[in-house]
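# Chain and residue survey
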Amino acid sequence: MSIGIVGAGISGLHLALRLQQIGIDAVLHSPQDPDDLRAGPPLNFVTRFASTREREAVLGIAKWASSDFDNPWMHMRLEGADLGFSGKLPQPASSVDFRMYLAHLLEEYVRRGGQVERHRPLTRGELAKLGQQHDLLVVAAGRGALGDVFPRDPARSPYETAQRQLLGGLFTGVRPPEPAGMTMNMVPGAGEVHAPTYHSFGGPLTAILIEAVPGGPFEEVVLGDYRDAPELLAKQVLDLITHHAPSLRERIDEREFGLARPVDKLQGALVPTVRHSVAEVADGRFAVAVGDAWIVNDPLTAQGANLGSQQAFQVAHLLSVHNGPYDEAFCRMVADTLWQTAQPVVDWTNTFLGEPPAQVLELLGAASSDQRVADAFVANLDRPKAMWQSIRTPQATTEFLAAARSAS
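Residues numbered from 1 in each chain as written. Predicted model: local features only at pLDDT ≥ 70, side-chain atom pairs only at ≥ 80, totals over all residues. Heavy atoms only, no water.

### Some words on the sheet that holds strand β5 (residues 115-118)
Rules: Strand pairing follows a simple DSSP-based rule, namely that at least 2 bridges must link the two strands. Labels follow the DSSP assignment, with helices taken as runs of H or I lasting at least four residues and strands as runs of E lasting at least two, numbered in each case from the N terminus. Working convention: axes come from line fits to C-alpha atoms, limited for helices to the stretch in contact. Angles between N-to-C directions cover 0 to 180 degrees. Here, two residues are considered to be in contact whenever any of their heavy atoms come within 4.5 Å of each other.
Here we have 6 strands laid out as an open sheet, ordered β5-β2-β1-β6-β16-β15, and mixed in their pairing. The open sheet is flanked by β5 and β15 (278-282), the only strands paired with a single partner. Looking at each pair of strands side by side, their axes are set apart by 25 degrees on average, direction ignored. Packing against the sheet, helix α5 (residues 124-133) makes contact with β1 (3-6), β2 (26-30), β5, β6 (136-139), β15 and β16 (285-289), and its axis sits at approximately 85 degrees to β15. Relative to the sheet, helix α10 (residues 328-353) contacts β6, β15 and β16, its axis offset from that of β16 by approximately 5 degrees.

Now the structure itself:
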């Protein structure tokens, strides 16, 4: 059998590496080589939780396994409500520049004998040609023309427009929180300010990502024109933090604060979308979408890359136990299986993008006054199904709080 993997993001690379491990032939198709992946602006600021790091250990990816790259705590604050808490993850997360991360994984795949074919971004017609070369295509590239192959699923996509505008960068001059880890300041009606300790080309620094509610007080800053103006961007970000995230401002040395490099910034917006994930791309040849090609989640809950890694391992397992043709029935079985994992992430993220339900505010308030609740909530950042179960209804939150408070 021949498996074609389209895209060199975390889904595509984890799938390629895992299939390589278990002896299934695959060809990775990518428009980028490692140098391309390292160059250019960041596309995201990913936090990899323990379950993803465990999959990396299975793959033999040890480059960032050291505790030097750990983010063991999560600090959250709801501005204007005097609510805040710090929770310790059961196992540390890690935030590493994905430009470095993906380039290393691609090089490791090739070093182990993996086959890579380089293409420019594929059109639908070119995807059809690939479909004729392989028994099955797994499409893990979410941008460009391939989005047309997998149309939006309106039943699973409640939003038709972006719910946040994004502005972020890698900054120097920010002291890590105590204890070390990640911070998130939530400003009702305005948006969120994320600030994890981040490891990039020059070593540790801080990634600051501002998520602006459209029409809210963050929007003017987030939509500003900062081309060739890194100093202006730093000034605007610092002003916003000063007025809306004072606990983060306390950790900033104004004299040292600035973008690590002019290229180290991102701006844009994502429309939260679930697509139909199965398509016939050639006569009797099918493709199944995973990762960003299938689901685009807002980065608010830091789940996209972790979900993509999990999907890759699920697909590898399903391929390893399948003995029949890679027909539409097989692809739909794969899609149905993956949705069981993905749905809690989608529902949780979409809930947090809207006005917080009363039970979520209750949970955050309880976490602010009870360390057991804070730790239980933070632990669920790596347990999307449990997280969604804890907030989906008032009764579910009541049950979660009771269980957390009964913990020794």
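Next comes the rest of the write-up.
### Some details on the packing of aromatic side chains
Using the following cut-off: Only rings of Phe, Tyr and Trp enter the pairing, Trp through its six-membered ring, and a pair is recorded when the two centres are within 6.5 Å. The plane angle decides the type: under 30 degrees is stacked, over 60 is edge-to-face, the rest tilted. Residue burial is assigned from relative accessible area. The probe radius is 1.4 Å, only protein chains are included, and a residue is buried under 20% of its type maximum, exposed over 50%, and partly exposed in between.
What the rule picks out here adds up to 8 aromatic pairs. Ring centres of F171 and F257 lie 4.7 Å apart, and the angle between their planes is 0 degrees; on these two criteria the pair is classed as stacked. Taken together, the residues span a long stretch of sequence, with F171 in strand β7 (residues 165-172) and F257 in the loop between α8 (246-249) and β12 (258-259) at a distance of 86 residues. The same class applies to F171 and to F257, which are both buried. Ring plane angle 70 degrees and centroid distance 5.3 Å describe the contact between Y326 and F330, whose orientation is recorded as edge-to-face.

### Details of the pattern of salt bridges
The condition is simple: Salt bridge criterion: a side-chain nitrogen from Lys or Arg within 4 Å of a carboxyl oxygen from Asp or Glu.
Taken as a whole, this structure holds 20 salt bridges when the rule is applied. With a shortest N-O distance of 2.9 Å, R99 and D264 are connected by a salt bridge. Of this pair, R99 sits in helix α4 (residues 98-111) while D264 is found in the loop between β12 and β13 (265-269), placing the two residues 165 residues apart along the sequence. D264 sits in the buried class, given a relative accessible area of 1%. One salt bridge in this structure joins R255 and D253, with 3.2 Å as the shortest N-O distance.

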